[in-house]
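Examination of the molecular architecture
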Amino acid sequence: RVLEVYEQNRLPHALLIRASEGWGEAEFANRLALSLLGREEVADARQLAHPDLKWLQPEGSVIKVDDVRELATFAVGTRQTAACKVAVVESAELMNPNAANALLKTLEEPPPDTYLLLTTSRPARLLPTIVSRCQTVTIERDNAAARSWLLASWSSEEIEDKFFEC
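Residue positions are given per chain, counting from 1 as you read along its sequence in written order. In keeping with the predicted nature of the model, local features appear solely for residues at pLDDT of at least 70, side-chain atom pairs appear and are counted solely at 80 or more, and the whole-chain, interface and lining totals rest on all residues. The basis for every side-chain value is the complete set of non-hydrogen atoms in the structure, without hydrogens or water.

A word on the pairing of strand β1 (residues 14-19)
Just so we agree on the cut-off: Each residue's exposure class comes from its accessible area (1.4 Å probe, protein chains only) as a fraction of the maximum for that residue type: buried when under 20%, exposed when over 50%, partly exposed otherwise. In this description a helix means any DSSP run of H or I spanning at least four residues, a strand means any run of E spanning at least two, and both kinds are numbered starting from the N terminus. At least two bridges found by DSSP between two strands are what make those strands a pair.
Among the six residues that make up β1, five are buried, leaving the element largely enclosed by the rest of the structure. In this structure, β1 lies alongside strand β4 (residues 114-120), joined through five bridges in parallel fashion. Paired with I17 across the bridge in β4 is T119. Relative to strand β5 (residues 135-139), β1 is paired through five bridges, and the arrangement is parallel. Looking across to β5, one finds that R18 is bridged to T138.

In C-alpha cells:
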C-alpha cells in the first residue's frame, strides 16, 4: 500500500514504521528506502554507499544529537543521483532528548523530495510531537505466517533443537 501511495505522488514526507520488535520494521524501511532510490530491494541499505541515502543507527543504546544534526544537514542538501533523498532513523525510540528535539525541526519543515523513515518497536517512548508529524505504518504480527516460514525453512529436528531444549 505504501508503494501505491508513492506511485500516486501522495507519500508523506515522514513515516513512522512500527512493529513488535523483530517483526520487520527495519527490513521494511530497508526495502522502502531502496525502492524510493530506484535500487534493487535485495541490498542492505545500511551498507550501501549512496549519496542520497542516510541511515542512522543507535551507537550502543542511544542515538546522539550530533548524528541527528548530521541527518538534518543531509536532508537540506541537494540530491545527487536519485529522484529523492531518503533518511532512515532505525530504532528511533533510542534518540536521547536532545536528538529527538533536533529531529523536530526537520520534521516540521521537510525539505522537498526528501523522505524520513523512522522505525520503532516502542512508539510510546517517542516524543508525541514526533509521532504527530509522521504518518504511521504498522506491521502487524502474523503468527501463522511466521509458523509457515519456520516450517518451510527448518526441519522438525532443528525446530526441536532450537525451541524445545530443556
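Quick notes on the layout of surface pockets
If you roll a probe as big as a water molecule over the atoms, it shows you where there is empty space left. We count it as follows: Buried and open spaces are told apart on a 1 Å grid over the protein atoms alone, a cavity being a set of points where a 1.4 Å probe fits but cannot get out and a pocket being an open set with protein on both sides within 12 Å along at least five of seven lines. Residues with an atom within 4 Å of a point are the lining residues. Grid points are joined across faces, edges and corners, and a volume is the space filled by probe spheres set on the points. Note on residue categories: nonpolar means Ala, Val, Leu, Ile, Met, Phe, Trp, Tyr, Cys or Pro, charged means Asp, Glu, Lys or Arg, and polar means any other residue, Gly included.
The space that makes up the largest pocket amounts to roughly 330 Å³. Elements with a minimum of two residues in the lining of the largest pocket: α1 (2-7) and β5. Class assignment of the residues belonging to the lining of the largest pocket gives a composition of eight nonpolar, three polar and one charged.

Comments concerning the nonpolar core
Note the following rule: In plain words, nonpolar cores are sets of buried Ala, Val, Leu, Ile, Met, Phe, Trp, Tyr and Cys residues tied together by side-chain atoms within 4.5 Å. The contact rule is simple, with two residues in contact once any of their heavy atoms fall within 4.5 Å.
Core analysis: the largest hydrophobic core is formed by 22 residues, its most contacted members being M95, L103, L118 and I130. For this core, the elements supplying multiple residues, two or more each, are β1, α3 (65-76), β3 (85-89), α4 (97-108) and β4. At five residues, the largest contribution of residues to this core is made by α4. Contact partners of I130, with chain neighbours within four places excluded, come to M95, A100, L103, L104, L107 and L118. Ranked by size, the runner-up nonpolar core spans 20 residues in total, among them V2, A33, V86 and L117.

Things to note about the packing of aromatic side chains
Put simply, the rule reads: Only centres within 6.5 Å qualify two rings of Phe, Tyr or Trp (six-membered ring in Trp) as a pair; their planes then separate them into stacked at under 30 degrees, edge-to-face at over 60, and tilted for everything else. Note on criteria: charge over ring means Lys NZ or Arg CZ within 6 Å of the ring centre, with the direction from the centre no more than 35 degrees off the ring normal.
Here the structure, examined in full by the defined rule, presents zero aromatic pairs. The ring centre of F74 lies 5.6 Å from the NZ or CZ of K85, which sits over that ring.

Examining the packing of α3 against α4
Axis angle and axis distance: for two packed helices, these are the angle between their axes and the distance between the axes, and together they describe the pair. To keep it simple, the criterion reads: Axis definition: a line fitted to C-alpha atoms, limited for helices to the stretch in contact. Angles are taken between N-to-C directions and run from 0 to 180 degrees. Geometric relationships in this document are graded by angle, where less than 35 degrees denotes roughly parallel, more than 145 denotes roughly antiparallel, 65 to 115 denotes roughly perpendicular, and other angles denote oblique.
The geometry of α3 relative to α4 is characterised by a closest axis approach of 8 Å and an angle of 10° between their N-to-C directions. Between α3 and α4, the angle is such that the two are roughly parallel. Across the interface between the two elements, V65, V68, L71, A72 and A75 from α3 touch N98, A99, A102, L103 and T106 from α4. In terms of residue class, the contact of α3 with α4 is made up of eight nonpolar, two polar and no charged.

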